[in-house]
Each structure stands twice: as C-alpha cells, then as structure tokens.
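Reading the structure
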Amino acid sequence: MSVLICGGAGYIGSHAVRKFLDAGENVIVVDSLETGHRASIDPNVKLYVGDIRKPAVLDEIFSDNRIDAVIHFAAYSLVGESVAQPLKYFNNNVGGMQTLLEAMTRHGVKRIVFSSTAAVYGEPKKTPIEEDDPTQPTNPYGETKLTMEKMMKWVSRANGINFVSLRYFNAAGAIEDGSIGEAHVHETHLIPLILQVPLKKRDAITIFGTDYPTADGTCIRDYIHVLDLADAHLKALEYLRADGESNIFNLGSGAGFSVKQMIKTAEKVTGQSINVKLGDRRAGDPAVLIASSEKAKKILHWAPQFDDVEKIIADAWTWHRAHPNGYDD
C-alpha cells in the first residue's frame, strides 16, 4: 500500500515526504509545481505533476496505485493574497478538497490527514489556544481551511472517510542537512525575511508595530520546526490506521517569541548585525498567538523535538546560506 502526499513538492510537504520515506512508507506525490519544486522531491519517488482539482488526475493516481491514505498539503497559503483574491483561494482550496474527497469516495480510500492552520481561530480570545476555542477566521485563507475541515467532517459521517486535521502555527526551520528548505517566490514568513538581511538580499527587516501589549511591544508567535510538523503527520496517520476517530489537533511548541527576540537570535546564529526598520501595525495581526498542544501530546503521543528557536533559525540558516536563491541556485 502507498501514501499519496498532495502538495509533496512544497515546503512542509517535501519534509513530510522525507519523514515518511525514512519510516519505510511507500510514497507517491502529486503536485502542480505552481508553488512546489521538483528539485525538493527524491528522484526515486513517483511524482504526478497535476492539479488535484481535475478528477482525471486523481482517478489515474488511485487507479494505478494501491493508496492506503492521503496526506493533504495542496492549498494556497498567503493571507494577503487571499484578501485580495478570495475567489482564487476558494476555487483552489475548497474546490481541491471537494475533488479530492470525491475521488477518495469513488476509490474507497478511507483515511486523510489534512494540513490546516491556526488562522481558523482568527483573533484569539485567550492563549494558549485550544482546539475547542471559537473559530472565527479574519481572512479568506483561514476561512477556506475551516471550510475544508467542515467538508471532511460531513464526508466522514456520510462516507466513512476518517480524518485528522492538524492546525499548526508558524512553521519554520529546514531539514538539518540543508538539502531542502523554505523557498517562496513571494516570501512572507518572518524567519526567511530576517535571514535575507545577512544574505544581502534586503537592506533591513521591518517590524510591523512596536506598541503591542507585550514585554517588548512586538508580536509574539509560536514557532514549530518543520521536522516536528512532518513527524506529527506520520503520527496522525498511525492514529488513523489504529482505528482512531476523526479528530482535530493543534501543533505548536507552547512557547512564544517576539519579533525582536527572533531578530536577536538570528544575529546570534548568523554572527551578523541585522538592520531593522519600524513600521505601523498590520491589520489583523494579533498581539499573541500561542498553541496548546496538550491534546496532540496525549492522543497522538507527539511532542516537538526541535522547540529551541536558536535551533530552528540555525537549520533555516543552513538552508538559506547554501541556497540564497532557493531551488534556482
């Protein structure tokens, strides 16, 4: 039997592919390569280049291979772009999930692990955030992910497809050997943006807001190593294979670090001074986002192994220093 990883050529998906291969799983990848990178996939892995919104693509994959479960990373994920182009996000994210679930139903595949997001919570009422806290997304990206979760819930009841949805916070870091990592055409994540300064790809990092109700006035976020995320997806699959019921889990370190703390740590890791510019707050940026991962620890027997932000930034630096232009080097 094989595991189909949708979006396996993307940042988190490619790390999951490595983790599943190391665990002895037979992995098949489908990716449109719109934002993913062929170079991130082991050449021995069977790769289908195609869009999961096309039923024929999925029918070919499910017909040609004995698929045991699906790991779903194939979604657009830029918050700002989702606000400017909401229909693009609903078409790709929600439409892709519908086509995928329809194909799974046709071919009798009963397990799916879904890459969700903390964006489903919107502005949190308290921290740390727990799975039963209110879900009130403040952008179309979060709204599409929440809609995808609801689709799985109802299909699970109607068609017997059991799911695990993993709501994670700020993915960061890279595989330790620096062979794959984070490479986006339009980078929006804090750690890569910070590291672009010592790489001489930008003059300074902008801090958006220094008047938040935090110790140093900057936003606090929960950073989780991409290898820990990959491990959680494997443990979620093991849970479903052991007849676990459909469920939702937060994934985070349970600790928060401010923007200023991340910049200071990056200076320590790189050995370079990092120029800073101060900007106004961005709309919709909560002061503090920290996850409670107690449920995942208890039920999935998962816990982050790389929760030291210096380690997370150091692994990211290994990748970015070796590949300053991403996979185009």
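Up top you'll find the structure we're talking about.
Every value quoted in this text rests on a predicted model; they were computed, and no experiment measured them. (Residues numbered from 1 in each chain as written. Predicted model: local features only at pLDDT ≥ 70, side-chain atom pairs only at ≥ 80, totals over all residues. Heavy atoms only, no water.)

1. Describing the overall build of the chain
Across its full length, the chain carries 10 helices and 14 strands. Relative to its length of 329 residues, the chain is compact, with a C-alpha radius of gyration of 19 Å against a globular reference of 20 Å. Taking the principal axes of its C-alpha atoms as reference, the chain extends roughly 55 × 45 × 40 Å. By residue count, 54% of the 329 residues in the chain fall in the buried class. Considering only contacts within the chain whose residues lie at least 6 apart along the sequence, 77% involve residues at least 24 apart. For the chain, the exposed surface amounts to about 14300 Å²; the carbon and sulfur share of it is 48%. Measuring between centres, the 35 positive side-chain charges of the chain sit 2 Å from its 42 negative side-chain charges. (Helix = DSSP H or I, 4+ residues; strand = E, 2+ residues; numbered from the N terminus. Rg over C-alpha atoms; globule rule 2.2 N^0.38 Å. Buried < 20%, exposed > 50% of the residue type's maximum accessible area, 1.4 Å probe, protein only. Contact = heavy atoms within 4.5 Å. Areas by Shrake-Rupley, 256 points an atom, 1.4 Å probe, with all protein chains shown as cover. Lys, Arg positive; Asp, Glu negative; His and termini not counted. Charge placed at Lys NZ, Arg CZ, Asp CG, Glu CD.)

2. Let's talk about the sheet that holds strand 11 (residues 247-251)
One open sheet accounts for 7 strands, arranged 3-2-1-4-5-6-11; its pairing is parallel. Edge strands, defined here as strands with exactly one partner in the open sheet, are strand 3 (46-49) and strand 11. Taking each pair of neighbouring strands and ignoring which way they run, the sheet shows an average axis angle of 20°. Sheet analysis places strand 6 (residues 162-168) next to strand 11, joined by 5 bridges and oriented parallel. Residue pairing across strands places Ser 165 opposite Ile 248, the latter belonging to strand 11. (Pairing = 2+ DSSP bridges. Axes fitted to C-alpha atoms, helices over the stretch in contact; angles between N-to-C directions.)

3. Let's talk about the environment of Leu 193
Locating Leu 193 in the fold gives a position in helix 6 (residues 190-195). Given a relative accessible area of 14%, Leu 193 falls into the buried group. The residues touching Leu 193, leaving out its near neighbours within four places in the chain, are Glu 187, Thr 188, Arg 202 and Ile 205.

4. Focus: the sheet that holds strand 9 (residues 220-221)
Ordered by their spatial adjacency, 3 strands build an open sheet running 12-9-14, and the pairing between neighbours is mixed. The open sheet has two free edges, formed respectively by strand 12 (257-258) and strand 14 (288-289), since each of these has just one partner strand. Looking at chain direction, strand 9 and strand 14 are connected through 2 bridges and run parallel. Bridge pairing in strand 14 links Ile 220 to Val 288.

5. What to know about empty space enclosed by the protein
Summed over the entire model, instances satisfying the criterion amount to 1 cavity of 30 Å³ or more. Considering only enclosed or pocket space, the largest cavity measures out at about 50 Å³ in volume. Each residue belonging to the lining of the largest cavity can be placed in one class, and the counts come to 4 nonpolar, no polar and 4 charged. (1 Å grid on protein atoms, 1.4 Å probe; cavity = no way out; pocket = protein on both sides within 12 Å on 5 of 7 lines; lining within 4 Å. Points joined across faces, edges and corners; volume = space filled by probe spheres on them. Nonpolar A, V, L, I, M, F, W, Y, C, P; charged D, E, K, R; others polar.)

6. Describing the pattern of salt bridges
By the definition in use, this model includes 17 salt bridges. For the salt bridge of Arg 241 with Glu 25, the shortest nitrogen-to-oxygen distance reads 2.6 Å. With Arg 241 in helix 7 (residues 226-241) and Glu 25 in the loop between helix 1 (11-22) and strand 2 (27-31), the pair connects residues that are 216 residues apart, well separated along the chain. A relative accessible area of 31% means that Arg 241 is categorised as partly exposed. (Salt bridge = Lys/Arg side-chain N within 4 Å of Asp/Glu carboxyl O.)

7. Topic: helix 5 (residues 140-159)
Taking 1.5 Å per residue as the helical rise, helix 5 with its 20 residues ought to reach 28 Å, and the 27 Å between its terminal C-alpha atoms agrees with that figure. Those residues of helix 5 that fall on the buried side of the exposure criterion are Pro 140, Tyr 141, Gly 142, Thr 144, Lys 145, Leu 146, Met 148, Glu 149, Met 152, Val 155 and Ser 156. Residue Gly 160 follows helix 5 closely and has a positive phi angle near 75°. (Expected span 1.5 Å × (residues − 1).)

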